[in-house]
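Topology and contacts: notes
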Amino acid sequence: PVLVGVMVATAAANLLRHFGIAATAAWVLGNTAEPLIIAGLIQYFFGARFKIDRLYCVLGLFAASLVGATVASAWWTFAYYWLFASLKEPTATGLHWIISDFAGVASVAPLVIALPAAVRQPPPRQEAIESFAALAILGALTGLIVSLPSAPWQTVLPAALVFPVLLWLAARSQPVFAAAGAFIVSMTVALTAIYGLGHFGDTDLSIDARVLQTEAIILVVTFGTAVLAALFAERRESEARLARSNTMLQRERDNKLMSLHAAIAS
């Protein structure tokens, strides 16, 4: 809540200088309501059971994010048309806002949620070194994909290049590292598209084409990485439970053998 409040207040100060009180109030209302809707849905359906390393919780997070993005984007579309009456194709614009907003939440929320759990239970030293090395490789690969020349296959290539490293992070590290990797890729792609750098900011492409390919990469990377991280985390936990069960069974068997030997000896 503090982070959302600071971000909303900072952006509202800039909007107030350019668009006036009504537009700023509408924007603040939509951006404040959205995280509250998402958090409220998660609290209502999951409560204390919510963990980012559970598949059903990850799917619930994305579903709640989609609901929050839809409500907020519908409000922004209505407010923009109501205040300025200059919005062309409100349906298409609202759909773009929903997808972009959902992609933004999906790329940031898993990392923000996973960080406190990683702080409470830090990973082993070897896992941390390996994960940070993978993040560094991922950052280098992401820088490479945004600087490649334009080509028809360029939209699909970035996901293919970064997928092995993201899979490595999901399979061998805590979910926080996989979420950090998805965040690095998503923010790099988004920022280069915004500031006109590399393929995703290629001015030869139309605005719609740049927006759609950026949204597609972010959604594929964030959703796929979060789901894989949750599946691997559940598998590691199942293996740990099985190992504990085998240890307890072995201990019980040894105790029975000792009791039997004692009875025979007596």
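Residues numbered from 1 in each chain as written. Predicted model: local features only at pLDDT ≥ 70, side-chain atom pairs only at ≥ 80, totals over all residues. Heavy atoms only, no water.

Within the secondary structure, alanine 226 sits in helix 7 (residues 207-265). Alanine 226 sits in the buried class, given a relative accessible area of 11%. Residues alanine 226 and leucine 166, spaced 60 residues apart in sequence, show a C-alpha to C-alpha distance of 9.8 Å. Discounting chain neighbours no more than four positions away, the residues touching alanine 226 are Val58 and Phe62. (Helix = DSSP H or I, 4+ residues; strand = E, 2+ residues; numbered from the N terminus. Buried < 20%, exposed > 50% of the residue type's maximum accessible area, 1.4 Å probe, protein only. Contact = heavy atoms within 4.5 Å.)

It is worth spelling out the side chain of serine 73 at this point. Within the secondary structure, serine 73 sits in helix 2 (residues 55-84). Judged by its relative accessible area of 0%, serine 73 is buried. Separated by 3.3 Å, the side chain of serine 73 and the backbone nitrogen of isoleucine 98 make a polar contact. With near-sequence residues (within four places) excluded, serine 73 lies in contact with Gly94, Trp97, Ile98 and Asp101. (Polar contact = N/O pair within 3.5 Å; in protein donor to acceptor, adjacent residues only side chain to side chain.)

The next thing to look at is the side chain of serine 186. Tracing the backbone shows serine 186 in helix 6 (residues 175-194). Serine 186 gets classed as buried once you look at its relative accessible area, which sits at 1%. Setting aside residues up to four positions removed in sequence, serine 186 forms contacts with Ser107, Ile218 and Thr222.

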